[in-house]
Structure formats: structure tokens, C-alpha cells
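One-letter residues, chain by chain:
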Amino acid sequence: MRKLFLILVLMLAAFTGCRKSHVSDDFKLNSTLRMEIKGYITFLYDPLTCQISYNPDKYEFRVHSDNMSDFYMLRLDEMPGRVGQSVNGVASWTTGDDLHSKKTAFEALKFEGGKIWLWSSSSRIAVVVQTLD
């Protein structure tokens, strides 16, 4: 009976370990403001055709096309301050004619030059945002 229990525990650990998703190293190395979902870029900031905004009081980041037809927005419950910190938030984005929104927890992966790399393993959403002074 003890062996059966051990086998079941090991199988469960192996199964859940396979399901855990990880953000790619490429994501962490690229400093372009963008949103990726399940490894696919849904929005990529282009300084010639896009704008960014940041509201420090609401912990809200927006990246959008000049005409606002395409965008992503991230509103956090608090501002992350260290790598590994988890913060809850709501991500919203457009795809074609659709508007999507997802409430999830994000892990802070990297901070550099006012930019923050965030990752939600449960939703597989990766996003780079920027604070503005």
C-alpha cells in the first residue's frame, strides 16, 4: 500500500511538472515593450506609430497604436518592487475586432531603465511595461 501511494505521488508530481509553463529566455532578453500570450506576440510597440502611458496612482500601464485601435493595458493591485514578487492584476488587449481581459497574478522577472518584465504562468501572458517620470 505504501509503494502504491509513493507511485501515485510521483506520478502526480511528474504530471504537474510537465504542465508548468515557463517564459522563454528570449522574452527576458528583449527590451521592446510588448505583450505575448502563449509565446505569440499580440502587440509590439513601435515608437513611430504607437504611444505609451503610465498612471502611477492606479499602477496602470498602456501601450497603444496612435489611433487606439490596437492596444494592451495592464492594471496592477500594487507596484512590484523586486524580482520574484507576485502581484495581482488585470491585463486587457485587442486582437483584430475583439477585446480580451484576464485577471491573473504576475511575477516580476526583471527591472531595467524604468521597464518591468512580468509573467503570468497560469495565463501564459508575458508583458513588458514602462514607468514614465
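Residues numbered from 1 in each chain as written. Predicted model: local features only at pLDDT ≥ 70, side-chain atom pairs only at ≥ 80, totals over all residues. Heavy atoms only, no water.

1. So, the overall build of the protein
Part 1 of the reasoning: When its secondary structure is counted, the protein shows two helices and nine strands.
Part 2 of the reasoning: Along its sequence from the N terminus, the protein presents helices and strands in the succession α-α-β-β-β-β-β-β-β-β-β.
Part 3 of the reasoning: Here the protein holds 133 residues, and the buried ones make up 34% of them.
Part 4 of the reasoning: Summarising the internal contacts of the protein: among those between residues at least 6 apart in sequence, 37% fall at separations of at least 24.
Part 5 of the reasoning: Of the accessible surface of the protein, which amounts to about 8,600 Å², a share of 54% is contributed by carbon and sulfur atoms. (Helix = DSSP H or I, 4+ residues; strand = E, 2+ residues; numbered from the N terminus. Buried < 20%, exposed > 50% of the residue type's maximum accessible area, 1.4 Å probe, protein only. Contact = heavy atoms within 4.5 Å. Areas by Shrake-Rupley, 256 points an atom, 1.4 Å probe, with all protein chains shown as cover.)

2. Regarding the sheet that holds strand β6 (residues 86-95)
Part 1 of the reasoning: The strand order across the open sheet formed by nine strands is β2-β1-β9-β8-β7-β6-β5-β4-β3, and the pairing between neighbours is antiparallel. On the outer flanks of this sheet lie β2 (40-44) and β3 (50-55), each paired with one strand and no other. For this sheet the average axis-to-axis angle between neighbouring strands, irrespective of direction, equals 25°.
Part 2 of the reasoning: Bridging between β3 and strand β4 (residues 60-65) involves six bridges; their strand directions are antiparallel. Directly across from Asn 55, in β4, lies its bridge partner Glu 60. (Pairing = 2+ DSSP bridges. Axes fitted to C-alpha atoms, helices over the stretch in contact; angles between N-to-C directions.)

3. Focus: the side chain of Ser 92
Part 1 of the reasoning: Tracing the sequence through the fold places Ser 92 in strand β6.
Part 2 of the reasoning: In terms of polar contacts, Ser 92 uses its side chain to reach the side chain of Ser 101, at 3.4 Å.
Part 3 of the reasoning: Setting aside chain neighbours within four positions, we find Ser 92 in contact with Met 35, Phe 71, Tyr 72, Met 73, His 100 and Ser 101. (Polar contact = N/O pair within 3.5 Å; in protein donor to acceptor, adjacent residues only side chain to side chain.)

4. Digging into the side chain of Glu 36
Part 1 of the reasoning: As for its placement among the helices and strands, Glu 36 is situated in strand β1 (residues 34-37).
Part 2 of the reasoning: On the basis of relative accessible area, Glu 36 is assigned to the buried category, the value being 12%.
Part 3 of the reasoning: Within polar-contact distance, the side chain of Glu 36 engages the side chain of Arg 34 at 3.0 Å.

Everything listed here is a matter of coordinates, which is why it stays silent on function.
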